[in-house]
Amino acid sequence: MILQWNELASIKRELAERDWFPGTSGNLSIKVQDDPLQCLVTVSGKDKYKETLEDFVLVNEDGQPLTDEGKPSAETVIHLEVYKKTDAGCSLHVHTLDNNLISDLYFEQGFITFKGVELIKAFGIWEEDGQLTIPIVENYADLPTLGKAISHVIEPDTKAVLIRNHGITVWGRNAFEAKRHLEACEFLFSYQMKLLHAKAANLKEVIKNGSY
Ligand SMILES: CSC[C@@H](O)[C@@H](O)C(=O)COP(=O)(O)O
Ligand SMILES: [Zn+2]
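Computed from a predicted model, the values in this text were never measured in an experiment.

(A) The site of ligand 1, seen in detail. The full set close to ligand 1 counts 14 residues, and Ser44, Gly45, Lys48, Ser73 and Glu75 are the nearest of them. Measuring from an oxygen atom of ligand 1, one finds a side-chain N or O atom of Glu75 at 2.6 Å. In the model, an oxygen atom of ligand 1 is placed 3.0 Å from a nitrogen or oxygen of the His166 side chain. For ligand 1, the accessible surface in isolation is 420 Å², of which the surrounding protein chains cover 73%. Looking at the shell around ligand 1 residue by residue, the class counts come to one nonpolar, 11 polar and two charged.

(B) Expanded view of helix 5 (residues 175-200). End to end, helix 5 covers 38 Å across 26 residues, agreeing with the expected 38 Å (1.5 Å per residue, within 8%). Its side-chain oxygen at 3.3 Å from the backbone nitrogen of Phe176, Asn174 defines the N-terminal cap of helix 5. Two residues or fewer after helix 5 comes Asn202, characterised by a positive phi angle close to 55°.

(C) Local environment of the pairing of strand 6 (residues 131-137). With five of seven residues buried, strand 6 lies mostly within the body of the structure. When strand 5 (residues 111-115) meets strand 6, the two strands line up antiparallel, connected through five bridges. Along strand 6, the bridge assignment pairs Thr113 with Thr133. Of the pairings in the sheet, the one linking strand 6 to strand 7 (residues 160-163) comprises two bridges and is parallel in character. Bridged to Val137 within strand 7 is Ile163. You can see the chain leave strand 6, run along helix 4 (residues 143-153) and come back into strand 7, and the turn it takes is right-handed.

Cut-offs used in this document
- Residues numbered from 1 in each chain as written.
- Chains lettered and ligands numbered in written order.
- Predicted model: local features only at pLDDT ≥ 70, side-chain atom pairs only at ≥ 80, totals over all residues.
- Heavy atoms only, no water.
- Near = heavy atom within 4 Å.
- Polar contact = N/O pair within 3.5 Å; in protein donor to acceptor, adjacent residues only side chain to side chain.
- Areas by Shrake-Rupley, 256 points an atom, 1.4 Å probe, with all protein chains shown as cover.
- Nonpolar A, V, L, I, M, F, W, Y, C, P; charged D, E, K, R; others polar.
- Helix = DSSP H or I, 4+ residues; strand = E, 2+ residues; numbered from the N terminus.
- Expected span 1.5 Å × (residues − 1).
- Buried < 20%, exposed > 50% of the residue type's maximum accessible area, 1.4 Å probe, protein only.
- Pairing = 2+ DSSP bridges.
- Right-handed = clockwise from strand over helix to strand, strands pointing away.

Now the structure itself:
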């Protein structure tokens, strides 16, 4: 378990450096064993920019704590649904401005698709016409309901789900892959927001007309 603890602590440190835990938001987990399922998950309500010896707690498949570092994340149920539905070994949940904006702008459509942007290769999509789709679910206040809604939209190739005006849950077979997927998602969201602004300002026309 020490190995998984250190891996999760290292990811937490890197995501903190990116400022991805505003207002104590966000939670992270890493699988420790499969059968029965156990994972380390962040302790609820803590300042995730700080590093302490009580940052993670071991939970069982029902989200019950098996160690005494503190109360498991309120969103532990989401991490457990991801482990139960996929081959994930690590699951990351962060709130960023870009993922909140994208989740609201594309909510009615129910998903956002990226095509023709190099960084979808971070998801193992190498075909020239390949595309990445990220489903978007309602931000249900009841967390077991939210967990089920997320589980419901997970297809075999899904690696991330957006929660409307809340954040994103991203996973990978291991910590390295989960972080790669998360960084790629946030790059794509930032790209999309800037693209929407550029289109709204008709910037291609402006450049063509030589105004800049
Ligand atoms: C402080 S707002 C964020 C919370 O409501 C929640 O969505 C979250 O991401 C963190 O909850 P936590 O219980 O600390 O894991
Ligand atoms: Zn959250």
